[in-house]
Amino acid sequence: MVHTFRAMPELPEIEHARRVAHDALDGRRITRVQAFHATTRRALTPTTRRRLEGQRVLAVTRRAKYQLLELENAYVLEVHFRMTGDWAVGSAADPVDALERARFTLDNGARLSLLDGRAFASLRLHAPGRVRLPPLGPEPLDAAFTPVVLAEQLRGRRGPIKPVLLDQRVVAGLGNIYAAEACWVARIDPRTAAHSLGAVRVARLTAGIKHVLEHAPVGRYYQRPATVGERVVALGEGNSDDDWRVYDREGQPCLRCARPIVRTVQSGRSTYWCRGCQR
DNA sequence: CACTTCCTGCGC
DNA sequence: GCGCAGGAAGTG
């Protein structure tokens, strides 16, 4: 019943969550909105709750890591999981979970609950026709996200590539883990000035971003080689130590060249990478 | 540009 | 029992 993500929710996990929410909410009416934590109470004020209660949910859509609940009255509830947010579906009769921060009770006796250990998730209600999300770059999994597009996004960015990849205006939906993973797959030194990457490395990076996002960490992750002719290394099943190719592997041998993975800090965030094969 | 803030579970 | 981790907004 209660399930939480084993990893930070990044794009693939958000897309999955969106589907969960859509399946639970589609065509249903929200009968009650509850907040169980100071952070969700701040967002779900009595006025906001009143605008949600009684409304049918027409659709749940996604842009970057934002989920948008579109209501019958044309209000749109924006949900962002940040680090530990997740949906749980159950019965309205279920007791409140320790990590449950908000609950939407539905007209069919079901509930959709926001679980969020660290309580960083954000909820925001947009008035009809007034949905405003922060500036967001291209969706990395769109066919339109090509090396040419990424190159354009990197133009004029003098900072190191890995922190630049975390900027949602450059690419929408990459987090700290997959930014590091993408650099590893593309064999790019995360400290490289973004604008100095040539066409070849931008192409590798584009492919690497799509690759890490298209492959869920556990088991299925990394079924194909990063580049043609490269050795494929199967990751273990169900062992969280093996979820990532480079992230959180400080001191462990690089899966490609066996040199120890190092951890450095960029813009206050840890970066894991290989000094041997990432140039 | 980078650092700090918000929060709390979890690893040391 | 401390301090880190993380996304993104906010600040220097």
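Described in the following lines is the structure provided in the data block. Residue positions are given per chain, counting from 1 as you read along its sequence in written order. Here every chain gets a letter starting at A, and every ligand a number starting at 1, in the order they are written. In keeping with the model being predicted, local features are shown solely for residues with a pLDDT of at least 70 and side-chain atom pairs are shown and tallied solely at 80 or more, while totals for entire chains, interfaces and linings include all residues. Note: side-chain values were computed over all heavy atoms of the structure, leaving out hydrogens and water.

## Details of the overall build of chain A
Helix numbers and strand numbers start at the N terminus; a helix is a DSSP run of H or I with at least 4 residues, a strand a run of E with at least 2. For chain A, the helix and strand inventory stands at seven helices and 10 strands. Relative to its full complement of 279 residues, chain A shows a buried share of 48%. Only heavy atoms matter for contacts: two residues are in contact if any of them lie within 4.5 Å across the pair. In chain A, the share of contacts with a sequence separation of at least 24, taken over all contacts with a separation of at least 6, comes to 61%. Here the term buried applies to any residue with accessible area under 20% of the maximum for its type, exposed to any over 50%, and partly exposed to those in between, with areas from a 1.4 Å probe on protein chains only.

## A few points about the packing of helix H4 (residues 147-154) against helix H7 (residues 199-214)
Where H4 contacts H7, the two axes come as close as 9 Å, and the packing angle between them is 105°. It follows that H4 is roughly perpendicular to H7 by the angle criterion. Facing H4, whose interface residues are Pro147, Leu150, Ala151 and Leu154, H7 presents Val202, Ala203, Leu205, Thr206 and Ile209. Broken down by class, the residue content of the contact of H4 with H7 amounts to eight nonpolar, one polar and no charged. Between N-to-C directions, angles cover 0 to 180 degrees, with each direction set by a line fitted to C-alpha atoms, over the stretch in contact for helices. Angular relationships are summarised with four words: roughly parallel below 35 degrees, roughly antiparallel beyond 145, roughly perpendicular across 65 to 115, and oblique for the angles in between. As a working rule, the residues Ala, Val, Leu, Ile, Met, Phe, Trp, Tyr, Cys and Pro are called nonpolar, Asp, Glu, Lys and Arg charged, and the rest polar, with Gly in that last group.

## Concerning the protein's contact with DNA strand C
Around DNA strand C, the surrounding shell holds 16 residues, and the nearest of these are His80, Arg82, Met83, Arg118 and Tyr247. We call a residue near a molecule or strand as soon as one heavy atom of that residue lies within 4 Å of the molecule or strand. Taking all atoms of DNA strand C within 4 Å of the protein, the share assigned to sugar and phosphate is 58%. Arg263 places a side-chain nitrogen or oxygen 3.3 Å from a phosphate oxygen of DNA strand C. Looking at the surface near DNA strand C, its residues break down into six nonpolar, five polar and five charged. Each polar contact in these results corresponds to two N or O atoms within 3.5 Å; when the atoms are within protein, one needs to be able to donate a hydrogen and the other to accept it, and residues that are neighboring in sequence are counted only if both atoms are side-chain atoms.

## Description of the protein's contact with DNA strand B
Around DNA strand B, 14 residues are found, and the nearest of them are His37, Arg42, Gly117, Arg158 and Gly159. Counting only the atoms of DNA strand B that lie within 4 Å of the protein, the sugar and phosphate share comes to 61%. In the model, a phosphate oxygen of DNA strand B is placed 2.3 Å from a nitrogen or oxygen of the His37 side chain. Gly117 places a polar main-chain atom, nitrogen or oxygen, 3.3 Å from a sugar or linking oxygen of DNA strand B. Residue classes in the surface near DNA strand B are distributed as three nonpolar, six polar and five charged.

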